[in-house]
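Architecture and fold: a report
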Amino acid sequence: MKIAIASGKGGTGKTTLSVNLASLLAQKNSVFLVDLDVEEPNAKLFLAGELLSEEPKYKMIPKWSEESCTFCQKCVEVCNYHALLGIANEILVFPNLCHSCYACSELCPTQSLPMFAQKMGTARHYVMPDMELIEGELDLGEEQAVSLISQTKTYVDKLLLKDTIAIYDCPPGTSCPVIEAVKDVDFVILVTEPTPFGLNDLKLAVETMRVLKKPFGVVVNRYDAQDDRVFAYCESENIEILAKIPNDKALAVLYSKGALIYHSSKSVKCELEKISCFLKSLTCKERA
Amino acid sequence: MKIAFTTKGREWQSEMEPRFGRTDYILIYDEDKDTLIIFDNCEAKSHEHGAGPTVAKILIENGVNVLITGNGPGGNAIEVLKKSSIEVYSGAIEMSVKEAYDKYKNKKLPRF
Amino acid sequence: MKEIVVISGKGGTGKTSMVASFACLAKKDAVLADCDVDAADLHLLLESDFSFEEDFYSGELAFIDKSICRNCGRCAKVCRFDAIDFCELKYTVDEISCEGCGYCARVCIPNAITMNKRNVGKWYISTIKTGAQMVHAKLGIGAENSGKLVAKVKSEAKKIAQRNNLKYVIIDGSPGIGCPVVSSLSGANFVVLVTEPTQSGLHDLKRVYGVVEKFNLKAGCIINKCDINDIVAEEIEFFLREKKIEHIGSLPHSPSFTQAMIEGLSVVEYTDIELKKAVCLCWDKIEKIINKKECVE
């Protein structure tokens, strides 16, 4: 089973929920935590483990071969991303602008732009005492997060067994990286907080999940009784609230140290168990 | 010497534009002929990506020797500029084109 | 006119709350620009009235005219993004997957495919509660945040500032370290980094400062929730000294941030006098720094 943990904005506690839930589930299940926030992968900061393997990840980019080029500039004309430039009888390629569409390479009349692999990031596989962590990290200056997310997922797919639970810690927002991250999961947990910002961003995330036709539920982080608009919204939209993680400075302190919070907080543990039960009921339904 | 400026307007009195690829105008001053050529950069400006290299190409194709700009060109534009011997000076922010030129002449602008 | 960009790398550090406070302190001297187009929240604290709105187009999207299509399937074969589906015996474009490269249109023999401008969202001009103007936007679902919408928001805000001869453009910057944040930084006179003393806060501060450094921009830092971890707070201060980043100020972990937000207020309009004082000091310091001559040269 694959579960995505996502939110409309950053800083709502996606990573906190991901690592704590993964750790709790790992007490009884085989768990893979997958950090798909490839611009800022942070999950490993909370877990101690050993690096098992590290693989460079590549994207395909064209490389100009001078010998056969007639300098017709067809390649420059067909590139919608301005990733190629013809100057003084030379074709320059800008790898960070290239989307690997292959148009320049395959439409070149003299095959002077063969595609080559270029490193754009790294996938790392860590082994923890109780679970495994796989993360993708984009190289600084690279912009094609979607491709690295997709490759990281492929890496995970090869290792997943039937009963393994994979938790995807997603990038924030509602743009293409998130869509790629949640595309093939069975369920999405949207994390929000009971504030006007939280509500506004939750609405965007809900809209996105509905467009993608993904089943989802909500976890309210930093819950206290002060602002009930998030709850009213969920009720009116018929959205299930899976858990409420309390708002507590002591938890913020634990988080700042990079510690797991459910070990020291009974109420957090209890809320995580609610999510765990809910996920179990999902699997049962699936089997039935 | 041909000296290029990234600017917000079309004259010596116009303010310098700190950005390179998405500059509004490029002014090229030909010191030998004492002429000022104006390029409206609306095309490159509208690119989603890759505006910098396009502007760099304009500079090279017009035989520019020196570029004076604000923040400095990005990585891709630098790759293009490297194909020429254009000297790049940055830091010309919040001043007119004329002031930037004087600063350059007095060697007060940092080489990028 | 001076451009101040507030960024954080990591979400939830209080960046938008700081921007809203600065907006209230700068009053009519500033134009606001919310460049966090992915999750735009600044308008919630500033009573923005959305008085002007316009669609925004960026990039392209393939469209197959089924009356011309001969079902040869060349388009689907060349598409590297898996964006052309074959269903009910017809080829159609999956708008979420299409990246607008235009390869399909170039190989289509009967020219059944056209590339259209892609609507990626909307942008707005609002009058806010201080009477100042604010430019903001909303990115559509699944749209690529290329930085172009960010650039649009910024350039419209700058136009307003220039037209009215205003002192500041205050920009709520984009998250992350990708194209949008680069777009929100370009042209900045001063960058305010908002961080928190947590492992991920420090980690992301270092990553985003890498981008700031590349552009050679002058930066200062506000440490929010400074009292939740003294050790990490010290590590941050050490990093700031090492990089010669101005330490603008530190703010305590306070429920007033959330409280003010719930009431639709910025921190400086809220009843917590101590916090208000601390935020005012930060703004004073920022004003001093950017109005000093050597910062410009």
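Residues numbered from 1 in each chain as written. Chains lettered and ligands numbered in written order. Predicted model: local features only at pLDDT ≥ 70, side-chain atom pairs only at ≥ 80, totals over all residues. Heavy atoms only, no water.

1. Here we look at the overall build of chain A
- Tallying secondary structure elements over chain A gives nine helices and 11 strands in all.
- With the C-alpha coordinates aligned to their principal axes, the bounding extent of chain A is approximately 70 × 45 × 40 Å.
- Expressed as a percentage of its 288 residues, the buried residues of chain A come to 59%.
- Relative to all contacts within chain A whose residues are 6 or more apart in sequence, the contacts with residues 24 or more apart total 72%.
- Carbon and sulfur atoms make up 53% of the accessible area of chain A, which amounts to about 11700 Å² in all.
- Each charge sign in chain A was given a centre, from 30 positive and 38 negative side chains, and these centres are 6 Å apart. (Helix = DSSP H or I, 4+ residues; strand = E, 2+ residues; numbered from the N terminus. Buried < 20%, exposed > 50% of the residue type's maximum accessible area, 1.4 Å probe, protein only. Contact = heavy atoms within 4.5 Å. Areas by Shrake-Rupley, 256 points an atom, 1.4 Å probe, with all protein chains shown as cover. Lys, Arg positive; Asp, Glu negative; His and termini not counted. Charge placed at Lys NZ, Arg CZ, Asp CG, Glu CD.)

2. Considering the domain arrangement of chain C
- Assigned domains within chain C: domain 1 (2–47 + 128–296) and domain 2 (58–119).
- Taking only C-alpha atoms into account, the centre of domain 1 of chain C sits 41 Å from that of domain 2 of chain C. (Domains from an automatic or database assignment.)

3. Some remarks on the packing of helix α6 (residues 196–212) of chain A against helix α7 (residues 229–236) of chain A
All names here are of chain A.
- For the pair α6 and α7, the least separation of the axes is 9 Å and the interaxial angle reads 25 degrees. For the element pair α6 / α7, the angle class is roughly parallel. By crossing handedness, the relation of α6 to α7 is classed as right-handed. From α6, Pro196, Leu199, Leu202, Lys203 and Val206 reach across to α7, where they touch Arg229, Val230, Tyr233 and Cys234.
- For the contact of α6 with α7, the residue count by class is seven nonpolar, no polar and two charged. (Axes fitted to C-alpha atoms, helices over the stretch in contact; angles between N-to-C directions. Parallel < 35°, antiparallel > 145°, perpendicular 65-115°, else oblique. Left-handed = near helix turned anticlockwise from the far one by under 90°. Nonpolar A, V, L, I, M, F, W, Y, C, P; charged D, E, K, R; others polar.)

4. With respect to the interface of chain A and chain C
- On the chain C side, the residues contacting the 53 residues of chain A number 52 residues.
- At the boundary of chain A with chain C, total buried surface from both sides reaches about 4500 Å², with 55% on carbon and sulfur atoms.
- The tally of links from chain A across to chain C stands at five salt bridges.
- One can count 23 residue pairs in polar contact (both at pLDDT 80 or more) joining chain A with chain C.
- Elements that contribute at least two residues to the side of chain A that touches chain C include exactly α2 (74–78), α3 (103–107), β7 (132–138), α5 (176–182), α6 and α8 (249–256) of chain A.
- The greatest single-element share of the side of chain A that touches chain C, amounting to nine residues, is contributed by α6 of chain A. (Buried area = accessible area lost by both parts, 1.4 Å probe. Salt bridge = Lys/Arg side-chain N within 4 Å of Asp/Glu carboxyl O. Polar contact = N/O pair within 3.5 Å; in protein donor to acceptor, adjacent residues only side chain to side chain.)

5. Points about the layout of surface pockets
- Each pocket or cavity is described by its volume, and for the second largest pocket that value is around 960 Å³.
- If you trace the second largest pocket, you find 40 residues lining it, with Gly74, Gly75 and Asn76 of chain B together with Val182 and Phe215 of chain C closest to the centre.
- Mapped onto the lining of the second largest pocket, the elements with two or more residues apiece are α2 (51–61) and α3 (75–81) of chain B together with α5 (148–163), α6 (179–185) and α7 (199–214) of chain C.
- A total of four residues in the lining of the second largest pocket trace back to one element, the largest contributor, which is α3 of chain B. (1 Å grid on protein atoms, 1.4 Å probe; cavity = no way out; pocket = protein on both sides within 12 Å on 5 of 7 lines; lining within 4 Å. Points joined across faces, edges and corners; volume = space filled by probe spheres on them.)

6. Here we look at the sheet that holds strand β1 (residues 2–7) of chain C
All names here are of chain C.
- The mixed open sheet is built from nine strands, whose spatial order is β3-β6-β7-β2-β8-β1-β9-β10-β11. Each edge of the sheet is formed by a strand with only one pairing partner; in this case those strands are β3 (52–64) and β11 (246–250). Across the sheet, the mean angle from the axis of one strand to that of its neighbour is 20 degrees, orientation sign disregarded.
- Note: β1 against strand β9 (residues 190–195), four bridges, orientation parallel. (Pairing = 2+ DSSP bridges.)

7. With respect to the packing of helix α1 (residues 14–25) of chain A against helix α9 (residues 266–287) of chain A
Residues and elements named next belong to chain A.
- At a minimum axis separation of 10 Å, α1 and α9 run at an interaxial angle of 70 degrees. By the criterion of interaxial angle, the relationship of α1 to α9 is roughly perpendicular. Facing α1, whose interface residues are Leu17, Asn20, Leu21, Leu24 and Leu25, α9 presents Lys269, Leu272, Glu273, Ile275, Ser276 and Leu279.

8. A few points about the packing of aromatic side chains
- Tallied over the entire structure, the rule returns 15 aromatic pairs over all chains.
- Between the aromatic rings of Phe86 of chain C and Tyr91 of chain C, the centroid separation amounts to 4.4 Å while the plane-to-plane angle is 40 degrees, which identifies the pairing as tilted.
- For Tyr91 of chain C, a relative accessible area of 13% translates into the label buried.
- An aromatic cluster is present here, built from Phe5, Trp12, Tyr29 and Tyr101 of chain B joined pairwise through their rings.
- One residue, Lys63 of chain A, lies across the ring of Phe116 of chain A, its end atom 4.8 Å from the ring centre.
- The cationic tip of Lys244 of chain A hangs over the ring face of Tyr223 of chain A; the distance from NZ or CZ to the ring centre is 5.2 Å. (Phe/Tyr/Trp six-rings, centres within 6.5 Å; stacked < 30°, edge-to-face > 60°. Lys NZ or Arg CZ within 6 Å of the ring centre and 35° of its normal.)

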